[in-house]
Amino acid sequence: MGGLQLFLVSLLVVSTSASHICLETSCSSFNVEADIVLVVDASNAYDQATFEQIRTFLLNFVSSLTVTPLDSQIALYAYGSSAQTVASLTDGSSLASIQAKINNTLKYQGSSERNLFQALSKVQAEVSSMSGLRSSDYKKVLVVLSGDSWTGNTVIGSSMLTQLKQKFNVILSVGFGSKALANLNSQLPQLTTASMNTFFAATPDQLTYVSAWLATLSCPNVQFSTVSPAPTTVPTQSPSVSCPLSTLSYDVYLIVDVSNKASAADFAAMKTAIHNFVAPFAFGSLGANFALVATGIDSQLFFTNFHNGQSRYDVLSAIDTLLQDDQPGQTLNLALSAIQGYLSQPTTASKKVLAYFTSTTAWDVSPIATMTTLKSKYGLSPMAVQWSASAGTSDLTNLVGGASCVNVVSNKAATATWLQNKMCSKVFC
């Protein structure tokens, strides 16, 4: 341990944020049982030759683990001018498969852009039970490797980073190279879930220590807990609702317009209405399960532990942290495509319901044919909330199949109870 401690202390002289964790542990890397998501800088923070050394580091790291569907699984993302999904957890559930992805699919972009926000947004949207994320018995570890300061949207302080800290038990950051030491000294620790969770490595030979450090913090007995969810009080449902909502075992798909067609005040009021709609239900395997998709210029499926031990906090925190776009756009057809993976899975739900909240029907592609397919193929029952008059009532009526399934703008204050009573009645369009 003495040589390693001296190595880490020398790093601490160069960078005040360097980790000084001892790598001694009772858990061997071969015994790690975790879902590990690696996000790697593929920009011109490194030259091509150095990036190949990173590729070798990744191969060595995954080879140090026991990679199977019952042990460790590895997902891999890369970022530069764009974010690349290299391997899902399902892809990375065998050693040969993840090695092939690292060797053949991982690409050096060499760009001056380093859009980490885009890469982490892909992680948030894609890493789910559908792509191989396992139960809470398995540790969830996110690792971000960066070589220089980021471009694109701000990651630190974003609601997306908050959601990732709820999704993963441990978030680790690695600063590799002289530019990381100079430019990411304060930022990298803010990505993580603990002050000791950042490792700065100046040269490629130090990546060996990074590999051992990652394996250590992936062990089940090290830093397993994440941000503690705030307690949520079970609200009392409105007396005007015609059935006990706690008895409804529905799958509910929430699709929320986050474009700038609503004013900031109206958008905030819409989030409150959605929160009030969702809050009184029972959650989990015997209750309701909620999937959440935000749709604007693009569409994003949020991680809410859908049919994976979902809690009230999982859903309400995702709703409450929704952010409004600063531009118009409505990719509803894409949002409907995003939920098809969930719809196609076996479910114990007695009904599948969709609630679309929108202030616009200026869709980039007409979603009506897709909605018709989802209704006939999966028994989906859609409802629409016309949050402002800029959304066309006739468009929404055609979308859901009848005027009785559209809550018009004049009924804003009663939106939550209107939706709840529709679900109680079990009469849709």
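Source: prediction; values computed, not measured.

Participant: Run through the overall build of the chain, naming residues and quoting values.
Facilitator: The helix and strand inventory of the chain stands at 15 helices and 12 strands. Relative to the globule expectation of 22 Å for 429 residues, the C-alpha radius of gyration of the chain, 23 Å, shows essentially globular dimensions. Over its C-alpha atoms, taken along the principal directions, the chain stretches across nearly 70 × 40 × 35 Å. Split into buried and exposed, the 429 residues of the chain put 55% on the buried side. A separation threshold of at least 6 residues defines the contact pool for the chain, and within that pool the share at least 24 residues apart is 80%. By element, 54% of the accessible surface of the chain is carried by carbon and sulfur atoms, the whole surface being about 16400 Å².

Participant: Report on the UniProt feature "domain: VWFA" (unreviewed entry) in the chain, specifying residues and quantitative values.
Facilitator: UniProt feature "domain: VWFA" (unreviewed entry): in the numbering of this structure it lies at residues 35–214 and 251–427. The span residues 35–214 carries 37% helix and 21% strand; its end-to-end C-alpha distance comes to 12 Å.

Participant: Go over the pairing of strand β4 (residues 139–146), please, and point to the residues and values.
Facilitator: On a regular strand, each side chain points to the face opposite its neighbour's, so the side chains alternate between the two faces of the sheet. Of all eight residues in β4, eight are buried, a share of seventy percent or more. The alternating pattern of β4 places Lys 139, Val 141, Val 143 and Leu 145 on one face and Lys 140, Leu 142, Val 144 and Ser 146 on the opposite face, and all of these are buried. The pairing of β4 with strand β5 (residues 170–176) spans six bridges and is parallel. Residue pairing in the sheet places Val 141 in a bridge with Val 170 of β5. Once you follow β4 into helix α5 (residues 159–167) and on to β5, the crossover reads as right-handed.

Participant: I'd love a proper account of the sheet that holds β4, names of residues and values included.
Facilitator: On the basis of which strands lie adjacent, the open sheet formed by six strands has the order β3-β2-β1-β4-β5-β6 and mixed pairing. Each end of this open sheet is capped by a strand with a single partner; those strands are β3 (83–87) and β6 (198–201). With direction set aside, neighbouring strand axes in the sheet form an average angle of 20°. Note that β5 and β6 share four bridges and pair parallel. Its bridge partner being in β6, Gly 175 is matched across the sheet by Phe 200.

Participant: Any chance you could break down the pairing of strand β2 (residues 73–79) for me, citing the residues and the numbers?
Facilitator: Of all the seven residues making up β2, seven are buried; the element is thus mostly covered by neighbouring parts of the structure. Taking every second residue as pointing to the same face, both faces of β2 are buried, with Gln 73, Ala 75, Tyr 77 and Tyr 79 on one and Ile 74, Leu 76 and Ala 78 on the other. Pairing analysis gives seven bridges linking strand β1 (residues 34–41) to β2, with the strands arranged parallel. Bridge pairing in β2 links Leu 38 to Leu 76. In this region the chain leaves β1, passes through helix α2 (residues 48–63) and returns to the parallel neighbour β2; the handedness of that crossover is right-handed. Across four bridges, the pairing between β2 and β3 is antiparallel. Residue Tyr 79 lies in a different strand from β3, and its bridge partner there is Ala 83.

Participant: Any chance you could break down the packing of helix α9 (residues 264–278) against helix α10 (residues 312–320) for me, citing the residues and the numbers?
Facilitator: With their axes 9 Å apart at the nearest point, α9 and α10 run at an angle of 170° to one another. Considered as vectors, α9 and α10 are oriented roughly antiparallel to each other. Contacts between α9 and α10 involve Lys 271, Ile 274, His 275 and Val 278 from the first element and Val 315, Leu 316, Ile 319 and Asp 320 from the second. A class-by-class count of the residues in the contact of α9 with α10 yields five nonpolar, one polar and two charged.

Participant: Give me the lowdown on the nonpolar core, citing residues and values where you can.
Facilitator: Judged by nonpolar contacts, the single largest core of 42 residues is most densely connected at Ile 36, Leu 58, Leu 76 and Leu 214. The dominant element in this core, judged by the number of residues it contributes, is α2, at seven residues. Excluding residues that lie within four positions of it along the chain, Leu 76 makes contacts with Leu 38, Val 40, Leu 58, Gln 84, Thr 85, Val 86, Ala 87, Ile 102 and Leu 106. By size, the runner-up hydrophobic cluster in this structure holds 40 residues, among which are Val 315, Leu 322, Ala 355 and Ala 416.

Basis of the calculations
Residues numbered from 1 in each chain as written. Predicted model: local features only at pLDDT ≥ 70, side-chain atom pairs only at ≥ 80, totals over all residues. Heavy atoms only, no water. Helix = DSSP H or I, 4+ residues; strand = E, 2+ residues; numbered from the N terminus. Rg over C-alpha atoms; globule rule 2.2 N^0.38 Å. Buried < 20%, exposed > 50% of the residue type's maximum accessible area, 1.4 Å probe, protein only. Contact = heavy atoms within 4.5 Å. Areas by Shrake-Rupley, 256 points an atom, 1.4 Å probe, with all protein chains shown as cover. UniProt positions renumbered as here; feature names shortened; annotations may be inferred. Pairing = 2+ DSSP bridges. Right-handed = clockwise from strand over helix to strand, strands pointing away. Axes fitted to C-alpha atoms, helices over the stretch in contact; angles between N-to-C directions. Parallel < 35°, antiparallel > 145°, perpendicular 65-115°, else oblique. Nonpolar A, V, L, I, M, F, W, Y, C, P; charged D, E, K, R; others polar. Core = buried A, V, L, I, M, F, W, Y, C linked by side-chain atoms within 4.5 Å.

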